[in-house]
Amino acid sequence: IYHSTNGSSWSTAGPAGCADSGSNACAGTSGRLHAVFAKSATEVWAVGEEGLILRYDGSSWSKVSIPNLGAQTPQSAFTFRSVFASGDVVAFTGERIWNGVDRDMVILFYNSALDRFFAPQTAFSTLVTDPNKDSYRFNGVGGALPGAFYIVGSIWSSSSSEQRGVYLVRP
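Described below are features of the structure shown in this document. Computed from a predicted model, the values in this text were never measured in an experiment.

## Digging into the sheet that holds strand β2 (residues 43–48)
Pairing within the open sheet is antiparallel, and its 4 strands lie in the order β1-β2-β3-β4. In this open sheet, the two strands that pair with only one neighbour each are β1 (33–40) and β4 (61–63). Taken pair by pair, the neighbouring strands of this sheet meet at an average axis angle of 20 degrees, ignoring direction. In the sheet, strand β3 (residues 53–56) pairs with β4 via 3 bridges, with the strands oriented antiparallel. Note on β4: the bridge partner recorded for Tyr56 is Trp61.

Written out as structure tokens, the structure reads:
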């Protein structure tokens, strides 16, 4: 994770930067990072493959573990592609492999005031053997949480044999 204080030079050096080496939060991370969202200088979130969630609190990065939430799905089964925070709510979107068979598009919420994750919500699903499974994807989330928020992504249309855009709104 690169950071810049002046917009012209970039660094992975801690505490604001993070590299997959040494003893910092990025050390030993598996999978790639896909998105970052900075709510403030003391609340930054980064997400990626194999359920990777990193949080920066203004002094250091830490890996975030999500609880089982009754979903019977390990954190490593998730790929998070976007993150957005507003107020006390943080939204993570992406997909998960469910029971090794289904691939669900999901959104996961975290409430920082309660220090609590809520069960993932599923939008669309396909089989992991579907040759078009990568077309089922949430790519971004934004808005004014916990009020209205927006999710964009894509799904496969078998009737027209093409990938189509998805735009979800929660008023």
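Here the narrative resumes, following the displayed structure.
## Comments concerning the sheet that holds strand β6 (residues 89–98)
Strand order in the open sheet formed by 4 strands is β5-β6-β7-β8, with antiparallel pairing between adjacent strands. For this open sheet the edge positions go to β5 (78–86) and β8 (116–127), each flanked by a neighbour on one side alone. Strand-to-strand, the axes of this sheet are offset by a mean angle of 20 degrees, without reference to chain direction. Taken together, the 8 bridges between β5 and β6 define a ladder with antiparallel strand orientation. Residue pairing across strands places Ser82 opposite Thr93, the latter belonging to β6.

## Considering unusual backbone geometry
Even without being glycine, Glu50 reaches a positive phi, approximately 55 degrees. Positive phi outside glycine occurs at Ser161, with the angle close to 50 degrees. Locating Ser161 in the fold gives a position in the loop between β10 (149–157) and β11 (162–170).

## With respect to the side chain of Thr93
Its place among the elements puts Thr93 in strand β6. Contact partners of Thr93, with chain neighbours within four places excluded, come to Thr79, Phe80, Arg81, Ser82, Val106, Ile107, Phe138, Gly140, Val141 and Ile151.

## Here we look at the environment of Ile53
In this structure, Ile53 sits in strand β3. The spacing of Ile53 and Val83 is 30 residues in sequence and 9.5 Å in space, taken between C-alpha atoms. Excluding residues that lie within four positions of it along the chain, Ile53 makes contacts with Trp45, Ala46, Val47, Ser62, Lys63, Val64, Ile66, Phe80 and Phe92.

## Section: the pattern of salt bridges
Scanning the model with the defined rule gives 8 salt bridges in all. Here Lys39 and Glu43 are joined by a salt bridge, their closest N and O atoms 3.6 Å apart. Residue classification places Glu43 among the buried residues on the basis of a relative accessible area of 10%. Ionic pairing is found between Arg103 and Asp134, a salt bridge with its closest N-O pair at 3.5 Å. Placement of Arg103 in strand β7 (residues 102–111) and of Asp134 in the loop between β8 and β9 (137–143) is noted, with a sequence separation of 31 residues between them. Assessed through its relative accessible area of 46%, Asp134 is described here as partly exposed. Linked by salt bridges that have partners in common, Arg81, Glu95, Arg103 and Asp134 make up one network.

## Focus: the side chain of Thr79
Looking at the secondary structure, you find Thr79 in strand β5. By relative accessible area, which is 16% here, Thr79 ends up buried. Each residue touching Thr79, except ones within four places of it in the same chain, is listed here: His34, Gly48, Glu49, Glu50, Thr93, Gly94 and Glu95.

## Concerning the nonpolar core
It is characteristic of soluble globular proteins that their nonpolar side chains tend to be buried jointly. If you look at the biggest cluster of nonpolar residues, it comprises 16 residues, and the most contacted ones within it are Trp45, Ile53, Phe80 and Phe92. Breaking this core down by element, the ones donating at least two residues are β2, β5, β6 and β7. When residues of this core are assigned to their parent elements, the largest contribution, 4 residues, is made by β5. Among the nonpolar cores identified, the runner-up in size contains 11 residues, and Ile107, Tyr136, Phe138 and Phe149 belong to it.

The rules we used
- Residues numbered from 1 in each chain as written.
- Predicted model: local features only at pLDDT ≥ 70, side-chain atom pairs only at ≥ 80, totals over all residues.
- Heavy atoms only, no water.
- Pairing = 2+ DSSP bridges.
- Helix = DSSP H or I, 4+ residues; strand = E, 2+ residues; numbered from the N terminus.
- Axes fitted to C-alpha atoms, helices over the stretch in contact; angles between N-to-C directions.
- Contact = heavy atoms within 4.5 Å.
- Salt bridge = Lys/Arg side-chain N within 4 Å of Asp/Glu carboxyl O.
- Buried < 20%, exposed > 50% of the residue type's maximum accessible area, 1.4 Å probe, protein only.
- Core = buried A, V, L, I, M, F, W, Y, C linked by side-chain atoms within 4.5 Å.

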